[in-house]
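For reference, the chains in residue letters:
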Amino acid sequence: MPTPFRLYNTLTRKVEPIETLEPGLLRMYSCGPTVYSYAHIGNFRSFLTADLIVRTAEAIGWSVQYVTNITDVGHLTEDDVADAGGEDRMAKALRSKEGEQFGNVWDLARYYSEALLDDWHALNLLDPTLRPRATEHMRQQILAIQQLIDSGHAYETDLGIYFAVASFPDYGKLSGNSMAEQLEETVREVVTDPGKRDPRDFALWKKDEKHLMQWFSPWGWGFPGWHIECSVMASEYLGDQIDLHAGGEDLIFPHHECEIAQAESLSGKPFARYWVHTRFLQVDGRKMSKRDGNFFTVQDLIRPIDEGGRGFEPAAVRLALISGQYRKPYNFTFDTLKASTKHIQRIREAREIADAAAGPGEDILAGDLGNIYSRALDAMLDDLNTPEAIAAGLEGVKKILGAGGAMSESSGSAARDWLDRMDALLGWEGNASAGADDADDVLAEQVEKLLSERTEARSRRDFDRADAIRVELTEMGIEVMDSPDGPRWRRKLVDQ
Ligand code: AMP
Ligand code: ZN
């Protein structure tokens, strides 16, 4: 009996085996970012959960249809209260210091979508089957809203269209009714539309002729509420019923609760069977968030030191972010990032040894490595227990390093196969092509040139010159380690 793939389902509040609607095919939707700024590593913690679900499902032979969106419509800063009050996030970003470089909100959204994809690839996240954008699905959103009005689930006021929560008795089933009641309390104080029938009713459309991003609808110019895009794009590409829906814990309420209300009112069928939520990445015990300003972007961490970054390898950032299980809050520290950097170096060394193996002799690794892979996979199948999967993986790396430089070709082949399988499961070796960007290439070229000059100076016994080159490299943020095979180098780790 193979181990079932089990995940914690927020809807049933239990860890459950995933049974897909169609055997062997997982249809999943994961909420993407709003592109009004760079995504931070907290956002990526949530995206990585989706990535690991896909990798684990594929490791047991399932096919996956994986859709994740880009929210390129400016939603409101207080969208988490049902009136959709506050200020438009994109418009606010445009007026900020960072936003000065953009001519308009469309350019701003385009720029940050591209930045998102760069970071996505740098952290070696798999590309989804589809990555739809909210702005490209306006017609579908308008049609869905009209359908909700026609079927009595929505109504119009002077200011917009609202979903009538009272028309959907299951409202609150995901988050628990207490949260919905809490919302009622909060909303009572901030209601801005006196035409609303029930304080819980949430916006599907806001009428606004002055808004920076507006579309024409049967209700005049305006823009959609935040929740409708995901219901619409999920059903457009995955069908009315999907297997799994993922996002960060802050999306449980109201976003996902509202998605369920909309989708199930539209189709009359249960929407997603499994709801998977990632707990927050924290800094000093507080949620990492754009609003609080206590965040690191991927670029903050991976950009070279001489360009103002911290010079970490993207693979180390990824490993640090997945080193805590998704279902527990996780405190981000530079110590973990440094430990991850060391692990990545060992993984790379293991890969080098395996690639170089050419000697005669028996395979002494396949048996142990096979067991270790099964343990790592079982850990991932057990509600994505990444700490255990990584620990098992590092044991395998140790075995390969222990087998050493004189590895037989047959052990090398077993090691390569194992490394490939572990990499497919965890994505931990990183995305070589994304890492080798132009800036990296130029840096590598400079470093190699200086190192060969240094070797040459040493052979002339010109130690003053050799030392001067080492100082120059240190100033460039490069650490040189002399080894029997000649000098090796890496970007120096910095302290926070
Ligand atoms: P947003 O751009 O705010 O819509 O967020 C995109 C995704 O990142 C959502 O799934 C959020 O729940 C998630 N998210 C936001 N902040 C964090 C955090 N600190 N840790 C983990 N996930 C987060
Ligand atoms: Zn969503």
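Thresholds, definitions, all that
Residues numbered from 1 in each chain as written. Chains lettered and ligands numbered in written order. Predicted model: local features only at pLDDT ≥ 70, side-chain atom pairs only at ≥ 80, totals over all residues. Heavy atoms only, no water. Core = buried A, V, L, I, M, F, W, Y, C linked by side-chain atoms within 4.5 Å. Buried < 20%, exposed > 50% of the residue type's maximum accessible area, 1.4 Å probe, protein only. Helix = DSSP H or I, 4+ residues; strand = E, 2+ residues; numbered from the N terminus. Contact = heavy atoms within 4.5 Å. Polar contact = N/O pair within 3.5 Å; in protein donor to acceptor, adjacent residues only side chain to side chain. Donors = N, O, S within 2.8 Å, 3.2 Å for Na, K, Ca; no water. Near = heavy atom within 4 Å. Areas by Shrake-Rupley, 256 points an atom, 1.4 Å probe, with all protein chains shown as cover. Nonpolar A, V, L, I, M, F, W, Y, C, P; charged D, E, K, R; others polar. Pairing = 2+ DSSP bridges. Domains from an automatic or database assignment. Buried area = accessible area lost by both parts, 1.4 Å probe. Salt bridge = Lys/Arg side-chain N within 4 Å of Asp/Glu carboxyl O.

I41, F44 and L244 are the most contacted members of the largest nonpolar core, which totals 131 residues. The biggest single contributor to this core is helix α1 (residues 41-59), with 9 residues. With near-sequence residues (within four places) excluded, I41 lies in contact with L281, M288, F296, T297, V298, L301, V317, L321 and F332. By size, the runner-up hydrophobic cluster in this structure holds 9 residues, among which are L443, I469, I478 and V480.

Relative to the assigned elements, S113 resides in helix α3 (residues 105-122). The class for S113 is buried, based on a relative accessible area of 2%. A distance of 3.3 Å separates polar atoms of two side chains, one belonging to S113 and the other to R133. The residues touching S113, leaving out its near neighbours within four places in the chain, are V35, I70 and R133.

Moving on, we get to the coordination of the zinc ion (ligand 2). Each protein donor to the zinc ion (ligand 2) is listed here as C31 (SG), C230 (SG) and H255 (NE2); together their distances run 2.1 to 2.2 Å. Mapped onto the sequence, the residues coordinating the zinc ion (ligand 2) show the spacing C-x198-C-x24-H. Placement of the pair is C31 in the loop between β3 (25-30) and α1 and H255 in helix α7 (residues 252-267), with a sequence separation of 224 residues. C31 gets classed as buried once you look at its relative accessible area, which sits at 7%. For H255, a relative accessible area of 1% translates into the label buried.

Turning next to the site of ligand 1. Residues in contact with ligand 1 amount to 18 residues; listed here are only the nearest, G42, S46, D250, L281 and M288. In this structure, a nitrogen atom belonging to ligand 1 sits 3.0 Å away from a main-chain N or O atom of G42. The separation between an oxygen atom of ligand 1 and a polar side-chain atom of D250 is 2.3 Å. Relative to its unbound accessible area of 490 Å², ligand 1 is 92% covered by the protein chains. Listed by contribution, the elements that provide at least two residues to the shell around ligand 1 are α1 and β12 (242-248). Counting residues per element, the shell around ligand 1 draws most heavily on α1, which supplies 4 residues. Looking at the shell around ligand 1, its residues break down into 6 nonpolar, 8 polar and 4 charged.

Next up on the list: the sheet that holds strand β16 (residues 330-331). What the 3 strands build is an open sheet, ordered β15-β14-β16; its pairing is mixed. The open sheet has two edge strands, β15 (286-287) and β16, and neither has a second partner. Pairing between strand β14 (residues 281-283) and β16: 2 bridges, direction parallel. Bridging across to β16, Q282 finds its partner in N331.

Our focus in this paragraph is the pairing of strand β9 (residues 202-207). Of all the 6 residues making up β9, 5 are buried; the element is thus mostly covered by neighbouring parts of the structure. Of the strand pairs in this sheet, strand β8 (residues 160-163) and β9 are connected by 4 bridges, and their pairing is antiparallel. What sits directly across from Y162, in β9, is A203. Looking at chain direction, β9 and strand β11 (residues 220-224) are connected through 3 bridges and run antiparallel. Each bridged residue has a counterpart across the sheet, and for K207 the counterpart in β11 is G222.

Attention now goes to the domain arrangement of the protein chain. Reports often express the size of an interface as the amount of accessible area lost when the parts come together. On domain assignment, one finds that the protein chain holds domain 1 (20-278), domain 2 (283-426) and domain 3 (438-491). Averaged C-alpha coordinates put domain 1 and domain 2 at centres separated by 33 Å. Listed per partner, the contact involves 32 residues of domain 1 and 34 residues of domain 2. Across the domain 1/domain 2 interface, buried area totals approximately 2,600 Å², and carbon plus sulfur atoms make up 64% of it. It is H40, I41 and R45 that lose the most area in domain 1 upon contact with domain 2, and together they represent 28% of the buried surface on that side. Across the contact surface, domain 1 and domain 2 share 2 salt bridges. A salt bridge links K287 to D250, with the shortest nitrogen-to-oxygen separation between them at 4.0 Å. Across the contact surface, domain 1 and domain 2 share 10 residue pairs in polar contact (both at pLDDT 80 or more). With 13 residues, α1 is the largest single contributor of residues to the side of domain 1 that touches domain 2. Taken together, the residues that form the side of domain 1 that touches domain 2 break down as 14 nonpolar, 11 polar and 7 charged.

This next bit is on the pattern of salt bridges. Within this structure, the stated rule accounts for 25 salt bridges. The shortest N-O distance in the salt bridge between E453 and R465 comes to 2.5 Å. Residue E453 is located in helix α15 (residues 438-459), and its partner R465 is located in helix α16 (residues 463-475); the two are separated by 12 residues in the primary sequence. Classification of E453 as partly exposed rests on a relative accessible area of 27%. Judged by its relative accessible area of 31%, R465 falls in the partly exposed class. Sharing partners across several salt bridges, the network here consists of D51, R55 and R318.

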